[in-house]
Amino acid sequence: MVDKKSVRELFKAIEEQFNIELVEVDKYKEVVSRRRNKADLIENSVSKQDFELIQEYLEIENEASSIEMEEAFVKGFSTAYQLLIDSLQ
């Protein structure tokens, strides 16, 4: 069985490097630019209070997505590790 704490630490190390590399990807830059433009449109279309509520909701969505990615990584890594161990026996 894989130590999930170690796998989570591995995920965080990989995620940090991935994020550094991601910001250099042209496709990502283009999407971020579109997102910024839409955020500006929304901010100018709703009240300050509504915009803050929308931002808070999106932050919660991002947090949930981050948790889902970490859990998927841990599950996938653990499964792959177990398959490797099983194939060596």
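Before reading further, recall that the structure is shown in the block above.
Residues numbered from 1 in each chain as written. Predicted model: local features only at pLDDT ≥ 70, side-chain atom pairs only at ≥ 80, totals over all residues. Heavy atoms only, no water.

Things to note about the packing of aromatic side chains
(1) Moving on: Using the criterion set out here, one finds 2 aromatic pairs in the structure.
(2) Moving on: On the basis of an interplanar angle of 50 degrees and a centroid distance of 5.3 Å, the ring pair of Phe11 and Phe73 is categorised as tilted. One end of the pair, Phe11, is in helix H1 (residues 4-22); the other, Phe73, is in helix H3 (residues 48-88), and 62 residues separate them in sequence.
(3) Moving on: For Phe73, a relative accessible area of 24% gives the class partly exposed.
(4) Moving on: Judged by centre distance (6.0 Å) and plane angle (25 degrees), the rings of Phe73 and Phe77 are stacked. Of this pair, Phe73 and Phe77 both sit in helix H3, separated by 4 residues, roughly a single helical turn.
(5) Moving on: Look at Phe77 and you get partly exposed, because its relative accessible area is 33%. (Phe/Tyr/Trp six-rings, centres within 6.5 Å; stacked < 30°, edge-to-face > 60°. Helix = DSSP H or I, 4+ residues; strand = E, 2+ residues; numbered from the N terminus. Buried < 20%, exposed > 50% of the residue type's maximum accessible area, 1.4 Å probe, protein only.)

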